[in-house]
Amino acid sequence: METLKRVVRNEYFPAAAVLMLVVLFWVAGLLGGLSLLSRSQPPIATLTWLLFVYAAAVLTPLAGILAAADLIRRWWRNRRGAKAGTAKAGARIGS
């Protein structure tokens with residue numbers, strides 16, 4: 001349970017979760033997730049499904065790009081912070 005709490009509280013978790021959902025959405029689509037369109041459905045159900053898929057196809061790449069950019073930004077910021085912390089500690093030891 002502690003491991004789960006640590007993962008959820010991690011600063012990378014929200015962006016990583018969004019990126020994972022985007023990837024899962026596109027994998028499901030590539031593996032036949034659009035099979036609803038091959039069945040005989042009422043026109044309103046087909047239209048609703050098409051609008052959902054259209055919105056998801058437009059919004060998921062944007063969400064994926066933003067999530068990836070956020071992950072990279074956080075990683076880069078933490079990396080710079082760790083280097084700065086190491087440099088400060090080295091300066092204190094050398095003094």
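Residues numbered from 1 in each chain as written. Predicted model: local features only at pLDDT ≥ 70, side-chain atom pairs only at ≥ 80, totals over all residues. Heavy atoms only, no water.

Some thoughts on helix H2 (residues 13–30)
Put simply, the rule is: Counting from the N terminus, the helices are DSSP H or I runs at least four residues long and the strands are E runs at least two residues long. A helix is expected to span 1.5 Å for every residue after the first.
Taking 1.5 Å per residue as the helical rise, H2 with its 18 residues ought to reach 26 Å, and the 26 Å between its terminal C-alpha atoms agrees with that figure. A positive backbone phi angle near 105° is found at Gly32, which sits one or two residues after H2.

Notes on a nonpolar patch on the surface
Selection criterion: Residues form patches when they are more than 30% accessible in relative terms and have no salt bridge. Like charges link within 9 Å. Nonpolar side chains (Val, Leu, Ile, Met, Phe, Trp, Tyr) link within 5 Å. In this description, accessible areas are obtained by the Shrake-Rupley approach with a 1.4 Å probe, and a residue is regarded as covered only by the protein chains that are shown. By convention in these notes, a salt bridge is any Lys or Arg side-chain nitrogen within 4 Å of a carboxyl oxygen on Asp or Glu.
Residues Met1, Leu4, Val7, Val8 and Phe13 make up a contiguous nonpolar surface patch of about 490 Å² in total accessible area. The element best represented in the nonpolar patch is helix H1 (residues 2–9), accounting for 3 residues.

Some details on the pattern of salt bridges
Counted according to the given criterion, the structure contains 4 salt bridges. Residue Arg73 pairs with Asp70 through a salt bridge whose shortest N-O separation is 2.6 Å. Of this pair, Arg73 and Asp70 both sit in helix H3 (residues 43–94), 3 residues apart, roughly one helical turn. Across the salt bridge formed by Arg74 and Asp70, the nearest N and O atoms sit 2.9 Å from each other. Of this pair, Arg74 and Asp70 both sit in helix H3, 4 residues apart, roughly one helical turn. Beyond isolated ion pairs, a larger network of salt bridges with shared partners links Glu11, Asp70, Arg73, Arg74 and Arg77.

Thoughts on the confidence of the model for the protein
The line we're drawing: The pLDDT value expresses, per residue, how confident the predictor is, ranging between 0 and 100.
Across the protein, pLDDT averages 81, with 84% of residues at or above 70. When pLDDT is averaged over each element of the protein, H2 comes out on top at 86 and H1 at the bottom at 76.

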